[in-house]
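Survey of secondary and tertiary structure
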Amino acid sequence: MIDYLIIGSGLAGIGFSEIALQNDKAILVMDNNSQNSSRIAGGLYNPVILKRFSEVWQAQEQLVLMNKFYSVLEDKLKIKVDFKKPILRKFFSIEEQNNWFTASDKVALAPFLSTQLITKKYSGIDSPFSYGQVLQTGHVDTAVLLEKYKDYLVRNNLFVEESFDYELLEVLPGGVRYKDTEARHIIFAEGFGMHANPYFKHLPLDGTKGELFIIKAPGLNLDVIMNTSVFILPLGDDLFKVGATYNWKDKTNLVTEEGRQELIDRIKEIISCDFVIMEHFAGVRPTVKDRRPLVGTHPVHTAIHILNGLGTRGVMLGPSMAKGLYDSIENDVPLDFAIDIKRFIPKGQR
């Protein structure tokens, strides 16, 4: 019998897999690659919600765990995926400047918002009102991370590439059985695929479709991440990843003309040089209406657990949510109620 059968190998799945392995647990990961939001994600980590100049929930705690987590993975996999890079917020008015400096005086935001106005001129961007700089930021190359981690799992016979059939899952007195595999626990980290899961499909996972571009812009000289209504992430060789849109109705991974035009319009609000669209792709983020992840144990079957709903901040949330679930299962450490799926059970029935 293994310790954990983990369904899904996106940011949530590899987060839990790695924490379990670091604690000498036996695991098996299963995935059919049907969900691609983690692979195509921008991978940005940013402790500030720039639309409202407010702090991301538990940002500092998440950053501490995240930095250690990706550093360990880089050493383990012999790759570089975590790139520390400033995020600049382009100001469109004096009023936005003033709002920025007002926010930077708040205790929770002071560690993350620089009070130094960035006046540097970047070719290809008109910036009469300059920029604000967010601190402790960067991006993780999620495509490389997930590919290399999967390779590692495959080399160590810890990965099975197939679709999970819920009807074949048997609940045992001391765990679960799936086909020939018995495990003490099963972790569902399926992203938007959770809607097919009979154990958790009642939870309010509200997928949000996002569309992104890779553009080529030789006239754009940018060595930082620009983030306003969209982010612009430099990739090298005059290539930039740009995103993303938010569509709450369309739940497919198909690109749309509406998404394409929206991105084009937003890019033109930020940069003044020509660009060519090299790639256009889309994915459905696993989001939740209260903007908190879905973490916890099934109310009836104590061997069945969920790690989902990381939304647009999976790079930051993944390690801390995985650790929280692991500590809950192995060490009886209560989950923060803000992320625990118990919050959706009526008070009198908990």
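Our subject is the structure that appears above.
Now for a description of the structure that goes with this document. What you are looking at is a predicted structure, and each value in this text was computed from that prediction instead of being measured.

When its secondary structure is counted, the protein shows seven helices and 20 strands. Out of the 350 residues in the protein, the part that is buried amounts to 53%. Sequence-distant contacts, at least 24 apart, represent 72% of the contacts inside the protein between residues at least 6 apart. As presented, the protein carries roughly 16000 Å² of accessible surface, and 51% of it is formed by carbon and sulfur atoms. If the 40 positive side-chain charges of the protein are averaged to one point and the 43 negative ones to another, these points end up 4 Å apart.

Sheet strands pair by backbone hydrogen bonding; their relative direction is either parallel or antiparallel. What the three strands build is an open sheet, ordered E3-E9-E6; its pairing is antiparallel. Here the strands that pair on one side only, and so sit at the sheet edges, are strand E3 (44-45) and strand E6 (82-84). Relative to strand E9 (residues 138-140), E3 is paired through two bridges, and the arrangement is antiparallel. Of the residues in E9, the one forming a bridge with Tyr 45 is Gly 138. Across the face of the sheet, helix H3 (residues 59-77) comes into contact with E3, E6 and E9 while running at roughly 125° to E6.

When you line up the elements, Leu 169 lands in strand E11 (residues 169-172). Along the backbone, Leu 169 and Ala 217 are 48 residues apart, and their C-alpha atoms lie at a distance of 50 Å.

With that settled, the discussion passes to the pairing of strand E1 (residues 2-7). Walk down a regular strand and you will see the side chains alternate between the two sheet faces. In terms of burial, E1 is a largely internal element, six of the six residues being buried. When E1 meets strand E2 (residues 27-31), the two strands line up parallel, connected through four bridges. Along E2, the bridge assignment pairs Tyr 4 with Ile 27. For the crossover from E1 across helix H1 (residues 11-22) to E2, the handedness is right-handed.

Looking now at unusual backbone geometry. A cis amide bond, omega 0°, links Gly 243 with the succeeding residue Ala 244. Within the secondary structure, Ala 244 is located in the loop between strand E17 (239-243) and helix H6 (257-270). Even without glycine at this site, Gln 58 takes up a positive phi of about 50°. With a relative accessible area of 28%, Gln 58 lands in the partly exposed category. Backbone geometry places Asp 238, a non-glycine residue, at a positive phi of 65°. With respect to the helices and strands, Asp 238 occurs in the loop between strand E16 (231-236) and E17. On the basis of relative accessible area, Asp 238 is assigned to the partly exposed category, the value being 33%.

All right, on to the layout of surface pockets then. A water-sized probe rolled over the atoms picks out the places where empty space is left. Computed from the structure, the second largest pocket encloses a volume of approximately 440 Å³. If you trace the second largest pocket, you find 22 residues lining it, with Gly 296, Thr 297, His 298, Asp 340 and Lys 342 closest to the centre. Of all elements in the fold, only strand E19 (294-297) and helix H7 (314-331) reach the threshold of two or more residues within the lining of the second largest pocket. Class assignment for the residues of the lining of the second largest pocket results in nine nonpolar, nine polar and four charged.

Okay, the packing of aromatic side chains next. The final tally for this structure, using the stated rule, is 15 aromatic pairs. Measuring from ring centre to ring centre gives 5.5 Å for Phe 53 and Trp 100, while their planes differ by 85°; the resulting arrangement is edge-to-face. One end of the pair, Phe 53, is in the loop between strand E4 (48-49) and strand E5 (54-55); the other, Trp 100, is in helix H4 (residues 94-104), with 47 residues separating them in the sequence. The structure contains a cluster of three or more aromatic residues connected by ring pairs, namely Phe 164, Tyr 166, Tyr 178, Phe 188, Tyr 199 and Phe 200.

This next bit is on the packing of H1 against helix H5 (residues 142-155). At a minimum axis separation of 11 Å, H1 and H5 run at an interaxial angle of 45°. With respect to H5, the element H1 is oriented oblique. Read as a crossing pair, H1 and H5 show a hand that is left-handed. Within the contact between the two elements, H1 uses Leu 11, Ile 14, Ser 17, Glu 18 and Leu 21 and H5 uses Thr 142, Leu 145, Leu 146, Tyr 149 and Tyr 152.

The rules behind the values
Residues numbered from 1 in each chain as written. Predicted model: local features only at pLDDT ≥ 70, side-chain atom pairs only at ≥ 80, totals over all residues. Heavy atoms only, no water. Helix = DSSP H or I, 4+ residues; strand = E, 2+ residues; numbered from the N terminus. Buried < 20%, exposed > 50% of the residue type's maximum accessible area, 1.4 Å probe, protein only. Contact = heavy atoms within 4.5 Å. Areas by Shrake-Rupley, 256 points an atom, 1.4 Å probe, with all protein chains shown as cover. Lys, Arg positive; Asp, Glu negative; His and termini not counted. Charge placed at Lys NZ, Arg CZ, Asp CG, Glu CD. Pairing = 2+ DSSP bridges. Axes fitted to C-alpha atoms, helices over the stretch in contact; angles between N-to-C directions. Right-handed = clockwise from strand over helix to strand, strands pointing away. 1 Å grid on protein atoms, 1.4 Å probe; cavity = no way out; pocket = protein on both sides within 12 Å on 5 of 7 lines; lining within 4 Å. Points joined across faces, edges and corners; volume = space filled by probe spheres on them. Nonpolar A, V, L, I, M, F, W, Y, C, P; charged D, E, K, R; others polar. Phe/Tyr/Trp six-rings, centres within 6.5 Å; stacked < 30°, edge-to-face > 60°. Parallel < 35°, antiparallel > 145°, perpendicular 65-115°, else oblique. Left-handed = near helix turned anticlockwise from the far one by under 90°.

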